[in-house]
Amino acid sequence: MSLSTRREAIRAFLEEEADRLDSGDLAGWLELCTEGSSYWMPVSSEQTDPHHEISLLYENRTLMELRVRNFGHRLAPSFETPVRCSHLIGRIRIRDDTPPELEVTARFHCVMWYRNEQRIFAGDSRYDLLEKGGSFRIRRKRVDLLNADASHKSIPIYL
Amino acid sequence: MDRRKLNDLVREDRVHRRVYTDPEIFDLEMARLWSRAWIYVGHESQVPEVGCYYTTTVGTRPVVMVRDETDRVRVLHNRCAHKGARIVTRPSGRSSVLRCPYHGWSYHLDGSLAVAPHPTGFEGTGFDRCDPAFHLKPLARSASYGGFVFAQIEDSGVDLETFLGDTRRTLDNVLDRAPEGRVTVVGPGLPYLHECNWKMFVENLNDAVHPMVAHASVGDACRRYMADLSPPEPPPEAQIIDPFGSSYEFFDKMGVTALPCGHSYMGATSSIHTGYSDIPGYHEALVARHGEQKTRAVLSQNRHNTIVYPSFTIKDAIQALRVVRPISVRETLIDTYHLRLEGAPEALLRRTITYSRLINSPASMVGPDDWECYTRMQEALSHDGGDWVYLGRHLHQEHDTNDGLRAPGTSDLSARNQFKAWLEYLTGPETEMTGEARCR
């Protein structure tokens, strides 16, 4: 496979991921993750330990499963108003490609419409992917927000 | 605003919506309550060495906490005595002097003026480098209890220990839970910007009739997930999330205790944190310090949210503390900090961090549901359409104990007690009541 074909396959996968987040299909998003996957959004880009320092998010598969079931729940006051997102992804780079494992980074901008307000999130995403049967799965995703250390209002969905 | 008008806003079982929405009242709160109460600044471990500083706010005023050359922790207004520029803008750091970037006035770590450049221009002007008017102004008083630093903008005449009263037992318990007898703040705080009046957050801390409603979804999600597992074995995270769906009866049994100065706590020997599993090695480490009997006593104290009104709340069994920082009548920053129990297994810190991420983070599945409810109150109370907020649950059913006024956990006692103190602060000092009396 040529490098450009490979890059194209990865781009398609990340765009599919963004599609599922943007449409609020968290169950579909979770299908893109491995059984042992984790999602990390630290409060500082220098953070190296998710367990002994606070993060905005650090979720293992169990918490992801809970989040899928909680997202949009009819009993959750925070989900009476819808969450709509629009991701743009760019500067996708393959950092390491040792089949079946890949390390990929990308930049993203995400515009979020929630509670009568349009907000902008931007940052770096770092993916550990697993290639299986011509397709990819997310083993780890780390999102470093440009303003990770800012005073955030509620962030109702994965970015 | 005169006393009579303020008195009209607080009744025995209800408060007027203006207490949450009127900017004039917010200004009065800053001038009278947040200037006269002891306000939490930070923990001494955040400035571990000489020259270390940490910036924050007391009320709405920017301050810097700094460890001076004599190892004393000082709390100074973060403003140059020359033209008023903010001196320190980094959240924390270390420096041998505090220097203003505008005209180069530089201050020693105790706030005294070290250098004002080109001194010939001051000759014969009355300028005196030793005059405290040209120093970084200290807050009227600052003091530490077990490393927790509080400060007062005005000296109310009450010392910190008297002000803390029985909430000291919560702080003592936190320290007793550390095998080395001390705690350390770990990492940066976790700020969460709320679009509501600060009092809504503080009242909610000991409001036990909201969890089973506002947090019903996450409990349901947790149960549905467990049902999907085969075999249905509860994941460790369920230990933290599940109790949020506890029954009214469970919370009633926990009880709420109201203390002078607007302080309060829920629980005593049981709380939503009682059922946590033991961490290997921890019990043994505590026994080595306290002996078996005292260790049992230390671990059996379980106060859910101890509120040191108006600025500070801590969970003794969780080692996470939250700090209230009002910004405006409708904006409040809540900062969460995490404590390492020195000498305890790292697994305890890991549990503290996990708890906080699951409950206090702006991206969690719990905090945003509280946030939503506060915001709705703030939005709706800003308009006419019913002036009163009701706080009457279990009114007149408190009983006086040696440890404070106690009531069933779902009582509104804690909120009523906060407004009692609120009114005393706001209507003072014209009242006969001195600061000392206020805290008795």
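Please refer to the structure higher up on the page.
Quick summary incoming for the structure in this document.

Quick look at the environment of Gly 90 of chain A
Residue and element names in this part refer to chain A.
And then number 1: Of note, Gly 90 is situated in strand β3 (residues 83–98).
And then number 2: Assessed through the 10 C-beta atoms surrounding it within 10 Å, Gly 90 is described here as exposed.
And then number 3: Separated by 76 residues in the primary sequence, Gly 90 and Leu 14 place their C-alpha atoms 9.9 Å from one another.
And then number 4: When residues no more than four places from it in sequence are discounted, the contact partners of Gly 90 are Ala 106 and Arg 107.

Some thoughts on helix α8 (residues 216–228) of chain B
And then number 1: When the terminal C-alpha atoms of α8 of chain B are compared, their 19 Å separation across 13 residues agrees well with the 18 Å that a helix rising 1.5 Å per residue should span.
And then number 2: Looking only at α8 of chain B, the buried set comprises Ser 217, Val 218, Gly 219, Ala 221, Cys 222 and Tyr 225 of chain B.
And then number 3: Looking at the packing, one finds that the buried side of α8 of chain B touches α3 (61–70) of chain A together with α9 (236–241) of chain B.

Some details on the interface of chain B and chain A
And then number 1: Listed as interface residues are 36 residues of chain B and, on the opposing side, 30 residues of chain A.
And then number 2: Top element by residues in the side of chain B that touches chain A is α8 of chain B. It accounts for eight residues.
And then number 3: For the side of chain B that touches chain A, the per-class residue count stands at 22 nonpolar, five polar and nine charged.

A few points about unusual backbone geometry
And then number 1: Omega for the bond connecting Pro 99 of chain A with Pro 100 of chain A falls within 30 degrees of zero, at 5°, which places this linkage in the cis form.
And then number 2: Notably, Asn 116 of chain A is not glycine yet its phi reads approximately 60°, a positive angle.
And then number 3: Structurally, Asn 116 of chain A is set in the loop between β4 (101–114) and β5 (117–132).
And then number 4: Its 6 C-beta neighbours within 10 Å are what place Asn 116 of chain A among the exposed residues.
And then number 5: Even without a glycine there, the phi angle at Asp 71 of chain B is positive, about 75°.
And then number 6: Position of Asp 71 of chain B among the secondary structure elements: in the loop between β4 (61–67) and β5 (73–77).
And then number 7: Asp 71 of chain B sits in the exposed class, given 8 other C-beta atoms within 10 Å.

Cut-offs applied
Residues numbered from 1 in each chain as written. Chains lettered and ligands numbered in written order. Predicted model: local features only at pLDDT ≥ 70, side-chain atom pairs only at ≥ 80, totals over all residues. Helix = DSSP H or I, 4+ residues; strand = E, 2+ residues; numbered from the N terminus. Buried ≥ 20, exposed ≤ 12 C-beta atoms within 10 Å, placed from the backbone. Contact = placed C-beta atoms within 7 Å. Expected span 1.5 Å × (residues − 1). Nonpolar A, V, L, I, M, F, W, Y, C, P; charged D, E, K, R; others polar.

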